[in-house]
Amino acid sequence: MQIELRDALVMGFGLVGIIWYYVCLIVIGFQTSKDQSVAGFRQFMSLSITTIGVALATFVGMLLGFRGVSDEINKGVTQVTAEVADGKAAVKQLQDVAQTAKGSTWQWWASGLYAGSIGIALFCWWYRGDNSDPAIVNLGKSLLGLVAGALSILLNLPGG
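Here goes a summary of the coordinates provided. (Residues numbered from 1 in each chain as written. Predicted model: local features only at pLDDT ≥ 70, side-chain atom pairs only at ≥ 80, totals over all residues. Heavy atoms only, no water.)

1. Some remarks on the overall build of the protein
The condition is simple: Every helix listed is a DSSP run of H or I at least four residues long, and every strand listed is a run of E at least two residues long, numbered separately from the N terminus. The contact criterion used throughout is that any non-hydrogen atoms of two residues lie within 4.5 Å. With residues, only the protein chains shown are counted as cover, and all accessible areas are computed by Shrake-Rupley using a 1.4 Å probe.
Per the secondary structure count, the protein includes 5 helices and 0 strands. Helices and strands appear in the protein in the N-to-C order α-α-α-α-α. Intrachain contacts of the protein at a sequence separation of at least 6 include 71% that bridge at least 24 residues. Split by element, the accessible area of the protein, about 10,600 Å² in all, is 67% carbon and sulfur.

2. Let's talk about the nonpolar core
Cut-off, in case you're wondering: Definition of nonpolar core: a set of buried residues of the types Ala, Val, Leu, Ile, Met, Phe, Trp, Tyr and Cys, connected through side-chain atoms within 4.5 Å. Only protein chains enter the accessibility calculation, which uses a 1.4 Å probe. A residue is then buried if its area is under 20% of the maximum for its type, exposed if over 50%, and partly exposed in between.
Core analysis: the largest hydrophobic core is formed by 18 residues, its most contacted members being Tyr21, Leu25, Ile49, Tyr114, Ile136 and Leu139. Going through the elements one at a time, α1 (5–29), α2 (39–83), α4 (105–128) and α5 (134–156) are the ones with two or more residues in this core. A total of 7 residues in this core trace back to one element, the largest contributor, which is α1.

3. Re α1
Since the α-helix advances by 3.6 residues per turn, residues separated by three or four positions end up pointing in the same direction. Note the threshold: Between the first and last residue of a helix there are one fewer steps than residues, each counted as 1.5 Å, and that sum is the expected span.
For α1, which comprises 25 residues, the first-to-last C-alpha distance of 35 Å matches the rise-based estimate of 36 Å (1.5 Å per residue) to within 8%. Within the span of α1, buried status applies to Ile18, Tyr21, Tyr22, Cys24, Leu25, Val27, Ile28 and Gly29. Directly after α1, the chain includes glutamine 31, whose backbone phi takes a positive value near 45°.

4. A closer look at the packing of aromatic side chains
Between two aromatic rings, the relevant description is the distance of the centres plus the angle of the planes. We count it as follows: Each Phe, Tyr or Trp ring (for Trp, its six-membered ring) is paired with any other whose centre lies within 6.5 Å, and the angle between the two planes then decides the class: stacked below 30 degrees, edge-to-face above 60, tilted in between.
All told, the structure shown has 7 aromatic pairs when counted by the stated rule. A centroid spacing of 5.8 Å and a plane angle of 85° characterise the contact between tyrosine 21 and tyrosine 22, whose relative ring orientation is edge-to-face. By the burial criterion, tyrosine 21 is buried, and tyrosine 22 matches it. Ring centres of phenylalanine 123 and tryptophan 126 lie 5.6 Å apart, and the angle between their planes is 45°; this geometry places the pair in the tilted category. You can see phenylalanine 123 and its partner tryptophan 126 sitting in helix α4, 3 residues apart, about one turn around the helix. By relative accessible area, tryptophan 126 is classed as exposed at 65%. An aromatic cluster is defined as three or more aromatic residues linked by ring pairs; in this entry it consists of Phe30, Phe123, Trp126 and Tyr127.

5. Focus on the side chain of serine 48
Within the fold, serine 48 resides in helix α2. If sequence neighbours within four positions are ignored, serine 48 has contacts with Trp20, Tyr21, Cys24 and Gly53.

6. So, the packing of α1 against α4
Note the cut-off: In this analysis, axes come from line fits to C-alpha atoms, helices being fitted only over the stretch in contact, and the angle between any two N-to-C directions falls in the range 0 to 180 degrees. In these notes the angle categories are as follows: under 35 degrees is roughly parallel, over 145 is roughly antiparallel, 65 to 115 is roughly perpendicular, and the rest is oblique.
Between α1 and α4, the least distance of the axes is 10 Å, while the angle of their chain directions is 10°. The orientation of α1 with respect to α4, classified from their angle, is roughly parallel. Of the residues in α4, those touching α1 at Met11, Leu15, Ile18, Tyr21, Tyr22, Leu25, Ile26 and Gly29 are Trp106, Leu113, Tyr114, Gly116, Ser117, Ile120, Ala121, Cys124 and Arg128.

This is the structure in structure tokens:
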């Protein structure tokens, strides 16, 4: 399997982004550096947590929503396959769409890493209390949005 340059770049930037996100989370969350000469850089790290966290939250919501769509497509494909013998090309296309909508292993790993980062943020917020950086507090609070989003998907699923 040969990977295209575009895909390699996207994967590389994505991995750097996730690693940077966790470095910032640990440094800011546990306040491992209080050196005033790098206060501006710590502010950039705080902004990095917020920016990357929002992107990951949006992505997780999309991935969870698409998973429900994928399951519904698969149910429809099963019914259509049983009823129509000639529609094999259309059925194959629907199966491909359903498979893509389920999400890749990388996508589910990114979602898990985001959920883990919320756990770390909550721990840091609890541990540091009111001395916590606002980015850590906001990331911890995003747990509410993640839970509310998952609940809305659950309540919107047929038979759920």
